[in-house]
Amino acid sequence: MADGSIVQYLPQQAGDDGHRCGYCGKSSGSVTNGMWTFQLTCQDYQDLIDRGWRRSGQYCYKFKMSKTCCPAYTIKCDASLFKATKSQKKVMKTMSKYLTQPEKSADKGGAQQTMLKPAALDEKPSSQRSLAKPVPPPKGAGADPSKPACLKAKVLRQQRKQERRAAQTEQSASAKPTPVATAGSPSDGSKSIEDFMVDSFPGQVPMHRLKLRLVESNPKDPEFKATQSKSFALYKKYQERIHHDPPGKCTVKGWKDFLVTSPLIHERTSAGPEQGYGSFHQQYYLDDELIAVGVIDILPHCVSSVYVYYDPDLPHLSLGTYTALREILITRQLSVRTPALHYYYMGFYIQSCQKMKYKVKQ
């Protein structure tokens, strides 16, 4: 087969008013241009998405903005200039604490467990204690001036909190992780995304282990085949729990057509990224269990996010936001070797679609 792109344009037929919209639900409101791509060079697809096209499996489409019911706009960010918001920093801190710090022991009700002191041998039964009259304290000249003044419980809690923070700062300074090489860091002295993405400290045994694997999206690739069943099971669980798909809707064939089969020709160049350009699955393992998969296209000028699915049983880790931040970090890391590759594409943004609000969430 030739090395260039091979596509079949699918013109809109006369009288075709569109098809069902997956965003607002109108029966014939979505109007798009489309083409079937048998194969695409990564540069050709880069040119297409820069002009508003996106792919779903091997089908590429672009909304007709003047006719479609839900106008869709391409959304992207320059990863080299990215600054995390307060809520995004919180997500990264939560993950880092989960990986590096021991969890607080809690009972089934969520309250901290406390040690019960054994009763004294000469202590009276509770029935007798309740009947005894309280003895008033002896009269005196007031507080003992040689002893420090009693502090309120609130002040004591604040002091203990400050002491814990000081201890954590000292520990972090003594075991600071090796910084990840990136395209750049904020010039105003604020922390970059690398400062928050801490998976472990040198010399410290992590409480949980997070491992990332970048696998080529190729059904014939041995590494991909070894994880195929786990990846599909996670996708099925995500679709049924998050998007409420009926059990029979999620099939292996549908998953492959949507997220595995790609028209992109895998390419390697001397100046490009080590893994080359093409379609990949970014797999996230927590303690050797697959918890998330980010489907991405690595192109000459960007990392394009296709889809993400994750374990819905871990809501406290905000995996949807966390994986997006990780993909921004991946883009920054790739731009060190390939400076032209510094954009992160998040696909389409539709103002009226509630599911897309996370793309502009602060």
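Parameters and conventions
- Residues numbered from 1 in each chain as written.
- Predicted model: local features only at pLDDT ≥ 70, side-chain atom pairs only at ≥ 80, totals over all residues.
- Heavy atoms only, no water.
- Core = buried A, V, L, I, M, F, W, Y, C linked by side-chain atoms within 4.5 Å.
- Buried < 20%, exposed > 50% of the residue type's maximum accessible area, 1.4 Å probe, protein only.
- Contact = heavy atoms within 4.5 Å.
- Helix = DSSP H or I, 4+ residues; strand = E, 2+ residues; numbered from the N terminus.
- pLDDT = per-residue confidence, 0-100.
- Pairing = 2+ DSSP bridges.
- Right-handed = clockwise from strand over helix to strand, strands pointing away.
- Axes fitted to C-alpha atoms, helices over the stretch in contact; angles between N-to-C directions.
- Salt bridge = Lys/Arg side-chain N within 4 Å of Asp/Glu carboxyl O.
- Phe/Tyr/Trp six-rings, centres within 6.5 Å; stacked < 30°, edge-to-face > 60°.
- Lys NZ or Arg CZ within 6 Å of the ring centre and 35° of its normal.
- Parallel < 35°, antiparallel > 145°, perpendicular 65-115°, else oblique.
- Nonpolar A, V, L, I, M, F, W, Y, C, P; charged D, E, K, R; others polar.
- Patch = residues over 30% accessible without salt bridge, like charges linked within 9 Å, V, L, I, M, F, W, Y side chains within 5 Å.
- Areas by Shrake-Rupley, 256 points an atom, 1.4 Å probe, with all protein chains shown as cover.
- Lys, Arg positive; Asp, Glu negative; His and termini not counted.
- Charge placed at Lys NZ, Arg CZ, Asp CG, Glu CD.

A.B. asks: I'm lost on the nonpolar core in this one. Help?
C.D. replies: In globular proteins that are soluble, nonpolar side chains generally tend to be buried together. Ranked by internal contacts, the top residues of the largest apolar core, which has 74 residues, are Y45, I193, W255, L259 and Y309. Sequence-distant contacts of Y45, defined by excluding residues within four places in its chain, comprise L40, R54, R55, C60, L264, D297 and L299.

A.B. asks: Any chance you could explain the side chain of Q46 here in plain terms?
C.D. replies: Locating Q46 in the fold gives a position in helix α1 (residues 42-49). Given the relative accessible area of 0%, Q46 is considered buried.

A.B. asks: Is there a simple way to think about the confidence of the model for the protein chain in this case?
C.D. replies: Detail in the predicted coordinates should be disregarded across regions flagged by low pLDDT. Confidence along the protein chain averages 84 in pLDDT terms, with 80% of residues attaining 70 or more. Model confidence for the protein chain, summarised as mean pLDDT per element, is weakest for helix α3 (residues 126-131) at 52 and strongest for strand β8 (residues 289-298) at 98.

A.B. asks: Quick question: what am I supposed to make of the pairing of strand β10 (residues 343-349) here?
C.D. replies: When a strand is regular, its side chains alternate between the sheet's two faces. Within β10, six of the seven residues are buried, which leaves it mostly tucked inside the rest of the structure. The pairing of strand β5 (residues 73-78) with β10 spans five bridges and is antiparallel. Bridge pairing links D78 to Y343 in β10. Bridging between strand β9 (residues 302-310) and β10 involves three bridges; their strand directions are parallel. Note on β10: the bridge partner recorded for S304 is Y345. The parallel pair β9 and β10 is bridged by helix α8 (residues 319-337), and the resulting crossover is right-handed.

A.B. asks: Can you walk me through the sheet that holds strand β7 (residues 278-286) in this structure?
C.D. replies: Strand pairing within a sheet occurs via backbone hydrogen bonds; the two strands may be parallel or antiparallel. Reading across from one edge, β5-β10-β9-β8-β7-β6 is the order of the six strands in this open sheet, with mixed pairing throughout. Two strands close off the open sheet at either side, each with one partner strand: β5 and β6 (210-216). Pairwise comparison of adjacent strand axes, ignoring direction, gives a mean angle of 30° for this sheet. Contacts from α1 reach β5, β7, β8, β9 and β10 within the one sheet, and its direction differs from that of β9 by about 85°. Along the sheet, α8 makes contact with β5, β6, β7, β8, β9 and β10, crossing β9 at roughly 155°.

A.B. asks: Which parts of the structure should I look at to understand the pattern of salt bridges?
C.D. replies: Should their charged atoms come close, side chains of opposite charge can pair. One pass over the structure, following the stated rule, counts nine salt bridges. Measuring nitrogen to oxygen at the nearest pair gives 2.6 Å for the salt bridge that ties D313 to K237. Remark: K237 occurs in helix α6 (residues 222-242) and D313 occurs in the loop between β9 and α8; sequence separation between them is 76 residues.

A.B. asks: Honestly, the packing of aromatic side chains in this entry has me stumped. Any pointers?
C.D. replies: Pairs of aromatic rings are described using the distance from one ring centre to the other and the angle between the two planes. Counted under the stated rule, the structure contains ten aromatic pairs. Between Y235 and Y309, the ring centres sit 5.3 Å apart and the planes meet at 75°, which makes this aromatic pair edge-to-face. One end of the pair, Y235, is in helix α6; the other, Y309, is in strand β9, and 74 residues separate them in sequence. Neither residue differs from the other here; Y235 and Y309 are each classed as buried. Taken together through their ring pairs, the aromatic side chains of Y59, Y61, F63 and F348 make up a single cluster. K76 extends its terminal NZ or CZ atom over the ring of Y343, reaching a point 4.4 Å from the ring centre. Above the plane of the ring of Y285 lies K211, whose end atom (NZ or CZ) is 6.0 Å from the centre.

A.B. asks: Could you clarify how one ought to interpret the packing of α6 against helix α7 (residues 252-260) in this entry?
C.D. replies: Packed helix pairs are specified by the crossing angle of their axes together with the interaxial distance, meaning the distance between the axes. The N-to-C vectors of α6 and α7 enclose an angle of 105°; their axes lie 11 Å apart at closest approach. Of the possible angle classes, the one that applies to α6 and α7 is roughly perpendicular. Counted together, F224, Q228, S231, F232 and Y235 of α6 and V252, W255, K256, F258, L259 and V260 of α7 form the full contact between these two elements. Its residues assigned to classes, the contact of α6 with α7 comprises eight nonpolar, two polar and one charged.

A.B. asks: Explanation requested: the sheet that holds strand β2 (residues 32-39) in the structure shown.
C.D. replies: Taken in spatial order, the four strands of this open sheet run β1-β2-β4-β3, and their pairing is antiparallel. Looking along the sheet, the strands with just one partner apiece sit at the ends: β1 (6-10) and β3 (54-56). The sheet shows a mean angle of 30° between the axes of neighbouring strands, taken without regard to direction. Bridging between β1 and β2 involves five bridges; their strand directions are antiparallel. For V7, the partnering residue across the bridge sits in β2 and is T37.

A.B. asks: I tried to follow unusual backbone geometry on my own but got confused; where do I start?
C.D. replies: The bulk of non-glycine residues show a negative phi, and the bulk of peptide bonds are trans. For H244, which is not glycine, the phi dihedral falls at a positive 60°. Counting through the fold element by element, H244 comes out in the loop between α6 and α7.

A.B. asks: I tried to follow a positive patch on the surface on my own but got confused; where do I start?
C.D. replies: On the surface, a cluster of positive charge is contributed by K93, K97, K152, K154, R157, R160, K161, R164, R165 and K191. Of all the elements in the fold, those that place two or more residues in the positive patch are α2 (86-100) and α4 (153-174). Top element by residues in the positive patch is α4. It accounts for six residues. Relative to the helices and strands, R164 resides in helix α4. Judged by its relative accessible area of 48%, R164 falls in the partly exposed class.

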